[in-house]
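# Descriptive analysis of the structure
This is what each chain is made of:
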2 protein chains.
Amino acid sequence: MAGGSRSPGASVTSRVLAVLGAFDAAHPALTLSDIARRSGLPLATAHRLVAELVTGRALARGVDGTYRIGVRLWEIGLLSPLHGQLREVALPYLQELYTTVRENVHLAVRDGDEALYVEKVTGHRAVPTISRAGGRLPLHATGVGKALLAYAPPEVIAAHLRGPLRRCTPYTIVEPGRLARELAAIRERGWARTHEEMTLGSCSVAVVVPGPDGAALAAIGVVGHSLGAAPQRLVPALRAAADQVAARLADEPHATQRATA
Amino acid sequence: MAGGSRSPGASVTSRVLAVLGAFDAAHPALTLSDIARRSGLPLATAHRLVAELVTGRALARGVDGTYRIGVRLWEIGLLSPLHGQLREVALPYLQELYTTVRENVHLAVRDGDEALYVEKVTGHRAVPTISRAGGRLPLHATGVGKALLAYAPPEVIAAHLRGPLRRCTPYTIVEPGRLARELAAIRERGWARTHEEMTLGSCSVAVVVPGPDGAALAAIGVVGHSLGAAPQRLVPALRAAADQVAARLADEPHATQRATA
């Protein structure tokens, strides 16, 4: 009870978020002591907050005693504009694009200095990729990331070029000068590509979804094994999908704001 | 500050969940006074909690001053087993099914007395439907819902038959005896169908994803305009997809628990 009596309400809110933030893609199921350790909370505090969150179905306790994110939090999270606006508008276009190219199709936004994957459309004929909806990958090593970075505000590009630029494979562009020239080339031709820069054996092509002020609202990309020989053959289909998504977003009130909030 | 000093930590957790629960599909963007009213909290308390949640990116404030669900909550919500396990395993099969039938493909679970839609795969050639990922519809009026109800535990069926059974269209089955016979017929033939029972002009066919103990882990359904003449032609493709999803889930440790938590 010490934790409860010490803490004003505001602090409890941040503790609740710390409990939820203990979960990530590599740790979707946690024991109570995992949660306490990863959130930096005393065990008694974690125990009390977890019990409250289970009652509210924000967490769920499995038969093995570990905790997972609950149905209510999943439902509420889907109300985010990233899902409810951007993803809902884009999904049919991503779907048709997948049906055409039969390679992984990605929708991503820039969140800080990372590419945040909003949706991935795939099937059994597509090469497995490490991306997943809700996942994050470096801007400079992915197709959607390089497209988003190329059309980011100058101060964002400058900060990213100052690095560090993580080397994901031997082909990742980690020299700032070379990356700057690559971004200029992307703006020049209107599309980005990668060749084994994030994952060996995978190539990608991507374009941005343009916003009303020229900013990039999102990026759409295709990832496959062997796009290498003539990746530009995929550009017209990608461009058409991105422009249709942009037009649909422009039709909706507050679309830009909702899509990027 | 009165709210803060009055409330022990546990109560603040439930207030945080009340703020988040003020948002729903019909109300994805709320003003501060909307949030206070819908959560039943004093304005000052709502103001303080909302500010904390914005700091933690669980909420985001738009340029119009309204609040929406933030990026962090969306990311955390996707860690739910419904998404990370069930949806990830099922998506490629749903995708291939869509490519085959070119009609809306749904993945749903039973949550209490509702069908909770986990994923919807669609394209521009499919008829628009009111379902959406994260949405809920009545069990007795939808294809996936009737399939899930038919294979639910007897006490769940009995409680549902006691009603009330909401009439969504003139064709919704709202007589308990008729619904009970329909559920028996679904168990007999192994698949469910609806004919304009949820939405006029829409028909559906659905099968369950069987779990190791014979319980239904989920249901997969197809919704279209004109499945009516011979809906059973879709059953083999649906059955194959559902059985493949079931086999994949059985391969994963704790799959049942994760998929239904």
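Scroll up to find the structure.
Residues numbered from 1 in each chain as written. Chains lettered and ligands numbered in written order. Predicted model: local features only at pLDDT ≥ 70, side-chain atom pairs only at ≥ 80, totals over all residues. Heavy atoms only, no water.

### Comments concerning the relation of the copies chain A and chain B
- The two copies are related by a screw operation: chain A maps onto chain B through 180° of rotation and 0.0 Å of translation along the axis, at an RMSD of 0.0 Å. Here the copies are linked by what is in effect a two-fold axis. Judged by C-alpha distance, A:Gly77 is the residue of chain A that lies nearest the rotation axis, at 2.6 Å.
- Here 100% of the interface residues in chain A have copies in chain B that are interface residues too; the copies meet face to matching face. (Least-squares fit on C-alpha atoms with pLDDT ≥ 70 in both. Contact = heavy atoms within 4.5 Å.)

### Re the packing of aromatic side chains
- With the rule as written, the count across this model stands at 0 aromatic pairs over all chains.
- The side chain of A:Arg189 reaches across the aromatic face of A:Trp191, ending 4.4 Å from its centre. (Phe/Tyr/Trp six-rings, centres within 6.5 Å; stacked < 30°, edge-to-face > 60°. Lys NZ or Arg CZ within 6 Å of the ring centre and 35° of its normal.)

### Concerning unusual backbone geometry
- At the junction of A:Gly163 and A:Pro164, the peptide bond is cis and its omega measures out at 5° in the coordinates.
- Position of A:Pro164 relative to the elements: it lies in the loop between helix 8 (154–161) and helix 9 (176–189).
- In this model, A:Arg102 sits at a positive phi of 55°, which is unusual for a non-glycine residue.
- Here A:Arg102 shows up in the loop between helix 6 (81–101) and strand 3 (104–111).
- In this structure A:Arg102 comes out as partly exposed when scored by relative accessible area, which is 22%.
- For B:Glu196, which is not glycine, the phi dihedral falls at a positive 60°. (Helix = DSSP H or I, 4+ residues; strand = E, 2+ residues; numbered from the N terminus. Buried < 20%, exposed > 50% of the residue type's maximum accessible area, 1.4 Å probe, protein only.)

### Section: the nonpolar core
- Residues A:Val105, A:Val209, A:Ile220, B:Val105, B:Val209 and B:Ile220 are the most contacted members of the largest nonpolar core, which totals 72 residues.
- Sequence-distant contacts of A:Val105, defined by excluding residues within four places in its chain, comprise A:Leu94, A:Leu97, A:Tyr98, A:Glu119, A:Lys120, A:Val121, A:Ile220, A:Gly221 and A:Val222.
- Counting 46 residues, the second-largest nonpolar core is a separate cluster that includes B:Leu30, B:Leu32, B:Leu73 and B:Leu79. (Core = buried A, V, L, I, M, F, W, Y, C linked by side-chain atoms within 4.5 Å.)

### Some points on the interface of chain A and chain B
- The interface is formed by 67 residues belonging to chain A together with 68 residues belonging to chain B.
- For the pair chain A and chain B, the summed buried area comes to about 5,800 Å², and 61% of that belongs to carbon and sulfur atoms.
- One can count 8 salt bridges joining chain A with chain B.
- Residues B:Arg57 and A:Asp111 are paired through a salt bridge, measuring 2.7 Å at the closest nitrogen-oxygen approach.
- Where chain A packs against chain B, one counts 8 residue pairs in polar contact (both at pLDDT 80 or more). (Buried area = accessible area lost by both parts, 1.4 Å probe. Salt bridge = Lys/Arg side-chain N within 4 Å of Asp/Glu carboxyl O. Polar contact = N/O pair within 3.5 Å; in protein donor to acceptor, adjacent residues only side chain to side chain.)

### Considerations on the pairing of strand 8 (residues 216–224) of chain B
All names here are of chain B.
- Of all 9 residues in strand 8, 8 are buried; the element is thus mostly enclosed.
- Sheet topology note: the strand 7 (residues 203–210)/strand 8 ladder contains 8 bridges and is antiparallel. Note that in strand 8 the partner of Val205 across the bridge is Val222.
- Here strand 7 hands over to strand 8 after 5 residues, with Gly214 in that stretch at a positive phi of 85°. (Pairing = 2+ DSSP bridges.)

### Looking at the sheet that holds strand 8 (residues 216–224) of chain A
Residue and element names in this part refer to chain A.
- Here we have 6 strands laid out as an open sheet, ordered 5-4-3-8-7-6, and antiparallel in their pairing. Edge positions in the sheet fall to strand 5 (136–138) and strand 6 (192–195), since each of these pairs with one other strand and no more. Averaged over all pairs of adjacent strands, the angle between strand axes in this sheet comes to 30°, irrespective of strand direction.
- Inspection of the sheet shows strand 4 (residues 114–121) paired to strand 5 by 3 bridges, in the antiparallel sense. (Axes fitted to C-alpha atoms, helices over the stretch in contact; angles between N-to-C directions.)

### Looking at the sheet that holds strand 3 (residues 104–111) of chain B
Residues and elements named next belong to chain B.
- An order of 5-4-3-8-7-6 is seen for the 6 strands of this open sheet, with the pairing classed as antiparallel. Looking at the sheet topology across the chains shown, the edges are occupied by strand 5 (136–138) and strand 6 (192–195). On average, each strand axis in the sheet is inclined to that of its neighbour by 30°, with strand direction left out of account.
- Across the face of the sheet, helix 6 (residues 81–101) comes into contact with strand 3, strand 4 (114–121) and strand 8 while running at roughly 60° to strand 4.

### Structural notes on the packing of helix 8 of chain A against helix 9 of chain A
- Where helix 8 of chain A contacts helix 9 of chain A, the two axes come as close as 10 Å, and the packing angle between them is 150°. Contact with helix 8 of chain A, carried on its side by A:Ile157, A:His160 and A:Leu161, involves A:Pro176, A:Leu179, A:Ala180, A:Leu183 and A:Arg187 of helix 9 of chain A and no other residues of that element.

### Considering the pairing of strand 7 of chain B
Residue and element names in this part refer to chain B.
- Counting buried positions over the 8 residues of strand 7 gives 7, a clear majority of the element.
- Alignment of strand 6 against strand 7, held across 4 bridges, turns out to be antiparallel. Opposite Arg193, over in strand 7, you have Val205 as the bridge partner.

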